[in-house]
Amino acid sequence: MRLALAGVSHHRAPLALRERVAVDLEAAGALARGLATSGGPAHEAVVLSTCNRTELYVAGDGAALAEHADLALLSLAGANARELAPAAYRLADESAALHLFRVAAGLDSMVPGEGEILGQVRDAFEAGSAGPLLGRTFRMALRAGRRARAETAIGESPASIPAAAAALAEQVFDGLRGRRVALVGAGRASELTARNLRSRGADIALVASRTFERAEHLAAPFAARAVSVEELASALADVDVLVSSTNAPGVVLDADALGPALRARRGKPLLIVDLAVPRDVDAELGAIDGCFLYDVDALEGVVAATLEGRRSEAAHAEQIVSEEAERFRTWRASLAVVPAIASLRARAEEIRAAELARVETRLERLPDGGRDLVDTVTAQIVNKLLHLPTVRMKEASVSADGLLYADVVRHLFGLGEDEE
């Protein structure tokens, strides 16, 4: 079994490209199941899609596995596949696992140590179609992520895109005390943004959502007013910060709907932060007098200001990831000798059982319990004879000699010759 990864991320693909291949969790799960059951080289698949990245992890047989993942990624872009291709990356086996470990630890995020990615990796894993290889890989990645957060301070504030958005708003207004905020979207990102803004002194005034009940649910803890998206325009007159973070497949706040209301503010400053991928906010709104529009890529300046104090913690987290990657490599290497060990033990048991069957009539003349005693003793002899060879083969599996040992054992004991 091989492991392959095809993906795009904020390192090489701007937001305009990433949003073309972004999928929600339900669609990611459906895509993973489709990849794993399509009859192609992939038998297992997990799709991870966040505001920073869309990555397809597949496990299966054959040299075509990597190409299979690559084509699946490019197919998400449709007619834009040719434009996406130069920004995509492909990794295999231990390199793919190491990348996933770094992602789960927050080391590959736009905001190093950001708090949401570990949960997003877990959700993608649970929604996907993981088998023995991807299951082990993702569980080890989650362990690496938990260790990085528990054993280092890499996750100190601002540790997420919502936190960076709040820091940006504080910079723009030179403090948020008394500033009124409107949120569009009632999901986890909006909740985190609201908490970060309120912790800096802002007043959460409005929550708008396509589902009014969800808007009410998020608005209640902040004593905010819940409105529908259609009602938002009429409620923006005294708002200072507008943050949008929905899972909509396209623009939610368009210039035709909001433009007149924003022009009526006559230049009164309004910070608009679009945290969604694909983007929620029509780019034309940023051209209106007094409106300042930022998307997730524009938050990089805020993120850069947090990096200096995190470098030593990031180095510690990288060491943790390296340790977990070495554990993965050792486990993968041991798989090469497992079939030989299993075949050797099966051959020994076959010989033992055949010899016992050959003397069955004599065993029947033994006193009560004698047959069971002979069976137990011969099984113990076989186990003791094979114990040290088994241990030595497992020890050798982590070195270049592992496959050599396995081949020698197969040759000496004639393992597999019956099938030829």
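Everything below is about the structure printed above this text.
Residues numbered from 1 in each chain as written. Predicted model: local features only at pLDDT ≥ 70, side-chain atom pairs only at ≥ 80, totals over all residues. Heavy atoms only, no water.

A. Inspection of helix α11 (residues 255–263) at higher detail. Within α11, burial applies to A255, L258, G259 and L262. Taken end-on, α11 shows its buried residues confined to a sector of 120°, consistent with a single buried face. In α11, those exposed residues whose orientation departs by more than 90 degrees from the buried face are D256 and P260. Residues of α11 that are buried sit in contact with β9 (270–274) and β10 (291–295). Taking the backbone nitrogen of D256 as reference, a side-chain oxygen 3.1 Å away marks D254 as the first, capping residue of α11. (Buried < 20%, exposed > 50% of the residue type's maximum accessible area, 1.4 Å probe, protein only. Helix = DSSP H or I, 4+ residues; strand = E, 2+ residues; numbered from the N terminus. Arc of directions from axis to C-beta. Contact = heavy atoms within 4.5 Å. Polar contact = N/O pair within 3.5 Å; in protein donor to acceptor, adjacent residues only side chain to side chain.)

B. Highlighting the packing of helix α2 (residues 25–36) against helix α6 (residues 117–127). Close contact between α2 and α6 brings their axes to 8 Å; oriented N to C, the two are set at 45°. Our classification of the angle between α2 and α6 gives oblique. As for how α2 packs across α6, the hand of that crossing is right-handed. Contacts between α2 and α6 pair L25, G29 and R33 from the former with D123, A124 and A127 from the latter. (Axes fitted to C-alpha atoms, helices over the stretch in contact; angles between N-to-C directions. Parallel < 35°, antiparallel > 145°, perpendicular 65-115°, else oblique. Left-handed = near helix turned anticlockwise from the far one by under 90°.)

C. Geometry of the layout of surface pockets. Estimated volume of the largest pocket: approximately 1,200 Å³. Lining of the largest pocket is provided by 41 residues; of these, Q120, A189, S245, T246 and N247 occupy positions nearest its centre. Going through the elements one at a time, α1 (15–21), α2, β2 (42–49), α6, α8 (161–173) and α9 (188–199) are the ones with two or more residues in the lining of the largest pocket. A total of four residues in the lining of the largest pocket trace back to one element, the largest contributor, which is α6. Residue classes in the lining of the largest pocket are distributed as 19 nonpolar, 13 polar and nine charged. (1 Å grid on protein atoms, 1.4 Å probe; cavity = no way out; pocket = protein on both sides within 12 Å on 5 of 7 lines; lining within 4 Å. Points joined across faces, edges and corners; volume = space filled by probe spheres on them. Nonpolar A, V, L, I, M, F, W, Y, C, P; charged D, E, K, R; others polar.)

D. Quick look at the pairing of strand β6 (residues 203–209). Of all seven residues in β6, six are buried; the element is thus mostly enclosed. When strand β5 (residues 180–184) meets β6, the two strands line up parallel, connected through five bridges. Its bridge partner lying in β6, A182 is registered against L206. Regarding the hand of the β-α-β motif, the stretch spanning β5, α9 and β6 is right-handed. As judged from the four bridges shared by β6 and strand β7 (residues 225–228), these two strands associate in the parallel manner. (Pairing = 2+ DSSP bridges. Right-handed = clockwise from strand over helix to strand, strands pointing away.)

E. Structural detail: the environment of F212. By secondary structure assignment, the location of F212 is in helix α10 (residues 212–219). For F212, a relative accessible area of 32% translates into the label partly exposed. A sequence separation of 47 residues divides F212 from G259, and the C-alpha atoms of the two residues are 23 Å apart. Beyond its immediate sequence surroundings of up to four residues, F212 is in contact with A226, V227 and S228.

F. A look at the pattern of salt bridges. In the structure shown here, the tally under the stated rule is 25 salt bridges. The residue E151 makes a salt bridge to R147 at a minimum N-O spacing of 2.9 Å. One end of the pair, E151, and the other, R147, are both in helix α7 (residues 132–151), four residues apart, so they sit about a helical turn from each other. Among the residues examined, E151 registers a relative accessible area of 38% and is labelled partly exposed. Here R147 falls in the buried class, since its relative accessible area comes to 18%. Of the charged contacts, one joins D295 and R279 as a salt bridge, the two residues approaching to 3.8 Å between their closest N and O atoms. You can see D295 sitting in strand β10 and its partner R279 sitting in the loop between β9 and β10, a full 16 residues away along the chain. Taking relative accessible area as the criterion, R279 reaches 28% and is therefore assigned partly exposed. (Salt bridge = Lys/Arg side-chain N within 4 Å of Asp/Glu carboxyl O.)

G. Representation of the sheet that holds β10. Strand order in the open sheet formed by six strands is β7-β6-β5-β8-β9-β10, and the pairing between neighbours is parallel. Edge strands, defined here as strands with exactly one partner in the open sheet, are β7 and β10. Averaged over neighbouring strand pairs, the angle between their axes works out to 20° when direction is ignored. In the sheet, strand β8 (residues 241–244) pairs with β9 via four bridges, with the strands oriented parallel. Opposite V241, over in β9, you have L271 as the bridge partner. Along the sheet, α9 contacts β5, β6 and β8; its crossing angle with β5, the most-contacted strand, is approximately 170°.

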